[in-house]
Amino acid sequence: MSAGDALGSAGAKAFFKELAGLRRARTTTCGVAASPGYNTGIRTKPRLAGSPSGLRLGSAALMKKALADEEGLPRFPYHPDPVGTGSIVAAEVVCACCGRRRPFTYVGPVYAVEKLARALCPWCIADGRAAAIFDAQFTDASWRVPDDVPAGVTEVVLRRTPGFVGWQQERWLHHCRDAAEFHGSVGADELADFPDALEHLRREQAGSGWSAEDRDWYLRALSKDGPVTAYLFRCRHCGSHLAYSDST
């Protein structure tokens with residue numbers, strides 16, 4: 001649900017004025033919408049200290065080991081920098097899928113019967129083994145897929161691409177008959193470098209029923225780490241930047 005769906009125009013300005021002053025770190029656990037009987041990964045941003053049980057967050061030595069790993073991190077066409085976005089961290093884990101000790105850990109959502117939070121390596125996501133063995137998905141973005149996007153593309157996004165954490169149900173954007181690349185959460189400051197993404201957000205808000213002044217307040221309130229956040233995507237074909245937003 002977008003913030004635009006959650007609020008009517010009444011009181012919107014007061015709401016956005018309050019949000020503009022908020023900068024709450026995204027470290028609290030939030031609920032995840034998932035099919036009944038499924039478990040999901042804990043929806044928290046990776047912590048710099050105090051790692052979960054069984055997982056040691058990267059020291060300088062571990063980082064060097066990771067960078068020197070002859071295999072290298074796998075390539076994800078629809079999520080090209082999952083370390084930069086926070087979906088993969090330099091944290092040693094014994095992968096629940098391949099059983100190998102790995103220097104990087106996937107910390108995004110996992111939709112599966114088994115509890116797999118922070119238990120998988122990026123390699124088993126990339127080659128499809130984790131999805132095949134656990135019947136797992138890493139994002140629940142099969143909705144809002146345009147009819148002209150091939151089913152195989154959606155399969156790769158759902159089952160062989162690291163997901164990301166949003167405040168509400170995540171969306172995956174599309175452009176040029178393909179899924180777009182995810183480039184992380186952004187706020188108003190970051191969006192200043194991507195005017196095409198900002199325009200995409202303006203068009204998204206045009207149907208909200210808010211006044212132009214209220215929509216401007218909303219866009220100025222966007223914060224990478226705050227309670228109103230945007231998510232940046234890039235078209236793999238034409239290079240256009242896209243974005244959507246949500247809130248707590």
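Scroll up to find the structure.
Along each chain, residues carry numbers from 1 onward, in the same order as the chain's sequence is written. Thresholds applied to this predicted model are a pLDDT of at least 70 for local features of residues and 80 or more for the giving and counting of side-chain atom pairs; totals over whole chains, interfaces and linings are not thresholded and use all residues. Values shown for side chains rest on all heavy atoms present in the structure; no hydrogens or waters enter the calculation.

(A) Layout of the overall build of the protein. Regarding its fold elements, the protein presents 10 helices and 10 strands. When a residue's accessible area, from a 1.4 Å probe over protein chains only, is under 20% of the maximum for its type it is buried; when over 50% it is exposed; and in between it is partly exposed. Counting the 248 residues in the protein, one finds 46% classified as buried. Just so you have it, the protein exposes about 11,900 Å², and 51% of that area is on carbon and sulfur atoms. Each helix is a run of H or I in the DSSP string that is no shorter than four residues. Each strand is a run of E no shorter than two, and both are numbered from the N terminus. In short, Shrake-Rupley with a 1.4 Å probe defines the accessible areas, and a residue's cover is counted only from the protein chains shown.

(B) Structural view of the pattern of salt bridges. Note on definitions: salt bridges are taken to be side-chain nitrogens of Lys or Arg within 4 Å of carboxyl oxygens of Asp or Glu. Evaluation of the coordinates by the stated rule reveals 8 salt bridges. Between Arg-159 and Glu-155 there is a salt bridge, with its nearest N and O atoms 3.0 Å apart. Of this pair, Arg-159 and Glu-155 both sit in helix 7 (residues 151–159), 4 residues apart, roughly one helical turn. Where Glu-204 meets Arg-171, a salt bridge forms, and the shortest distance between an N and an O atom there is 2.9 Å. Taken together, the residues span a long stretch of sequence, with Glu-204 in helix 9 (residues 195–205) and Arg-171 in the loop between helix 7 and strand 6 (174–175) at a distance of 33 residues.

(C) Geometry of the nonpolar core. For our purposes a nonpolar core is just a set of buried Ala, Val, Leu, Ile, Met, Phe, Trp, Tyr and Cys residues, chained together by side-chain atoms within 4.5 Å. The biggest cluster of nonpolar side chains holds 20 residues, and the ones touching the most others in it are Cys-97, Val-110, Leu-120 and Phe-138. Among the elements of the structure, helix 5 (122–126) and helix 6 (129–134) are those that each provide at least two residues to this core. Counting residues per element, this core draws most heavily on helix 5, which supplies 4 residues.

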